[in-house]
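Coordinates in review
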Amino acid sequence: MFELRIQDEIASAHFLRGYEGKCKNIHGHTWKIEVFIVKDNLNELGMVADFAVLKQQLKEFLMGIDHINLNDHSYFTEINPTAENIAKYIYEGFSKVIAPLRLNKVNVWESDRAYASYYE
Ligand SMILES: [Zn+2]
């Protein structure tokens, strides 16, 4: 298998409902986003896909959750915008953007020391 990894980042606010701790108050993160795309063969150019295209597609997709309060986003009105749920949101949405390419995993870094992954 071949795997590509694309990285970008967004700056967004959130707070956690029903959580007793500092994160119940609104605060922001610069979230580092990593997406992993896998394919078992290459095209005639020797690529899984064009990095430039994928980077642009990821940037455009992430614009929907950049510089907002994530709790105001329709996806997160019921579920908490944790790193885990943000990873799932990106997985579900970005999978459709890059289809038929296969998204293998999404990592969402909340800080330099902690990230959550989602994959199926
Ligand atoms: Zn937080």
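Report on the accompanying structure. (Residues numbered from 1 in each chain as written. Predicted model: local features only at pLDDT ≥ 70, side-chain atom pairs only at ≥ 80, totals over all residues.)

Here we come to helix H2 (residues 83-98). If you check H2, its first and last C-alpha atoms are 22 Å apart, about what 16 residues at 1.5 Å a residue would give, namely 22 Å. Inspection of H2 places Ala83, Ile86, Ala87, Lys88, Tyr89, Ile90 and Phe94 among the buried residues, and these make up the whole buried set. Those residues of H2 that are buried are in contact with strand E2 (27-39), helix H1 (51-62), strand E3 (102-109) and strand E4 (115-118). (Helix = DSSP H or I, 4+ residues; strand = E, 2+ residues; numbered from the N terminus. Expected span 1.5 Å × (residues − 1). Buried ≥ 20, exposed ≤ 12 C-beta atoms within 10 Å, placed from the backbone. Contact = placed C-beta atoms within 7 Å.)

As summarised here, the arrangement of the 4 strands in space is E1-E2-E3-E4, forming an open sheet in which the pairing is antiparallel. Only two strands of the sheet have a single neighbouring strand rather than two, namely strand E1 (2-14) and E4. Adjacent strand axes in the sheet meet at a mean angle of 20 degrees when their direction is disregarded. Running at roughly 25 degrees to E1, H1 makes contact with E1 and E2 of the sheet. (Pairing = 2+ DSSP bridges. Axes fitted to C-alpha atoms, helices over the stretch in contact; angles between N-to-C directions.)

Turning our attention to the environment of Leu101. Note that Leu101 resides in the loop between H2 and E3. Once residues lying within four places of it in the same chain are set aside, the contact partners of Leu101 are Ile37, Lys39 and Ala49.

Moving on, we get to the pairing of E2. Strand residues, when the strand is regular, have side chains that alternate between the two faces of the sheet. Where E1 and E2 come together, 13 bridges link them in antiparallel fashion. Its bridge partner lying in E2, Gln7 is registered against Glu34. Where E2 meets E3, 7 bridges bridge the pair, whose relative direction is antiparallel. In the strand pairing of E3, Glu34 is matched with Asn107.

Now for the nonpolar core. Core analysis: the largest hydrophobic core is formed by 19 residues, its most contacted members being Ile33, Val35, Ile86, Ala87, Ile90, Val106 and Val108. Secondary structure elements with two or more residues in this core: E2, H1, H2 and E3. Other than its neighbours up to four places away in sequence, Ile90 contacts Ile33 and Val106. (Core = buried A, V, L, I, M, F, W, Y, C linked by C-beta atoms within 7 Å.)

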